[in-house]
Amino acid sequence: MEIVIKFGDIAVTAELNDSETARKIQAALPITGRVNTWGDEIYFSIPVKAGLEKGATADMEVGDIAYWPPGHAFCLFFGPTPASTGPKPRAASPVNKVGRILSDPLLLKNVPDGSEVEIRPADAK
């Protein structure tokens, strides 16, 4: 499913995968919140509760979208985080990969900490 993640004037399109966690996120749309930044990661709590799925990992790629169970958080990775040992993003602890950013993930470098965010289906107006 294609979604739009909007931070004020900045918006990226993304695709949710077919995992159990991604289906729970899809069912909860639209979702709004306020973002936190952690290195080159944006995360925020969402009204979805899910545990770790098979294949959960802390190793991410630029553009990955994940769900972090301890904080019920939606996470967008666009570069190294404080947990990284090289140029690739790394989550604080294992996460469920739930999708990929289809737009340029580096657009997220312009999103300030504390920004409002809205996630909605791409076909919603």
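For the structure itself, look to the data block above.
Residues numbered from 1 in each chain as written. Predicted model: local features only at pLDDT ≥ 70, side-chain atom pairs only at ≥ 80, totals over all residues. Heavy atoms only, no water.

1. Re the side chain of Asp40
Stage number 1. Relative to the assigned elements, Asp40 resides in the loop between strand E4 (36-37) and strand E5 (41-45).
Stage number 2. Every residue in contact with Asp40, bar those within four places of it in the chain, is listed here: Leu76, Phe77, Phe78, Gly79, Pro80, Thr81 and Lys109. (Helix = DSSP H or I, 4+ residues; strand = E, 2+ residues; numbered from the N terminus. Contact = heavy atoms within 4.5 Å.)

2. Details of the pairing of strand E1 (residues 2-7)
Stage number 1. Here E1 pairs with strand E2 (residues 10-16) via 6 bridges, running antiparallel. Residue pairing for E2: Phe7 is matched across the bridge by Ile10.
Stage number 2. Between E1 and E2, which pair antiparallel in sequence order, lie 2 residues; one of them, Gly8, sits at a positive phi of approximately 60 degrees.
Stage number 3. One ladder, built from 4 bridges, connects E1 with strand E10 (residues 116-121); its direction is antiparallel. Following the sheet pairing, Ile5 is matched in E10 by Ile119. (Pairing = 2+ DSSP bridges.)

3. Digging into the packing of aromatic side chains
Stage number 1. With the rule as written, the count across this model stands at 1 aromatic pair.
Stage number 2. Here the aromatic rings of Phe44 and Phe74 are separated by 5.5 Å at their centres, their planes lie at 40 degrees, and the arrangement is tilted. You can see Phe44 sitting in strand E5 and its partner Phe74 sitting in strand E8 (residues 73-77), a full 30 residues away along the chain.
Stage number 3. In this structure Phe44 comes out as buried when scored by relative accessible area, which is 1%. (Phe/Tyr/Trp six-rings, centres within 6.5 Å; stacked < 30°, edge-to-face > 60°. Buried < 20%, exposed > 50% of the residue type's maximum accessible area, 1.4 Å probe, protein only.)

4. Here we look at the nonpolar core
General note: in soluble globular proteins, nonpolar side chains tend to be found buried as a group.
Stage number 1. Counting 28 residues, the largest nonpolar core has Ile5, Phe7, Ile42, Phe44, Phe74, Leu76 and Leu108 as the members making the most contacts within it.
Stage number 2. Elements with a contribution of two residues or more to this core: E1, E2, helix H1 (20-28), E5, strand E7 (64-68), E8, strand E9 (90-101) and E10.
Stage number 3. Element by element, the count of residues in this core is highest for E2, at 4 residues.
Stage number 4. The residues contacting Ile5, other than those within four sequence positions of it, are Ile10, Ala11, Val12, Ala14, Ile65, Phe74, Leu76, Val117, Glu118 and Ile119.
Stage number 5. In this structure, Ala58, Ala73, Cys75 and Val95 belong to the second largest nonpolar core, which totals 8 residues. (Core = buried A, V, L, I, M, F, W, Y, C linked by side-chain atoms within 4.5 Å.)

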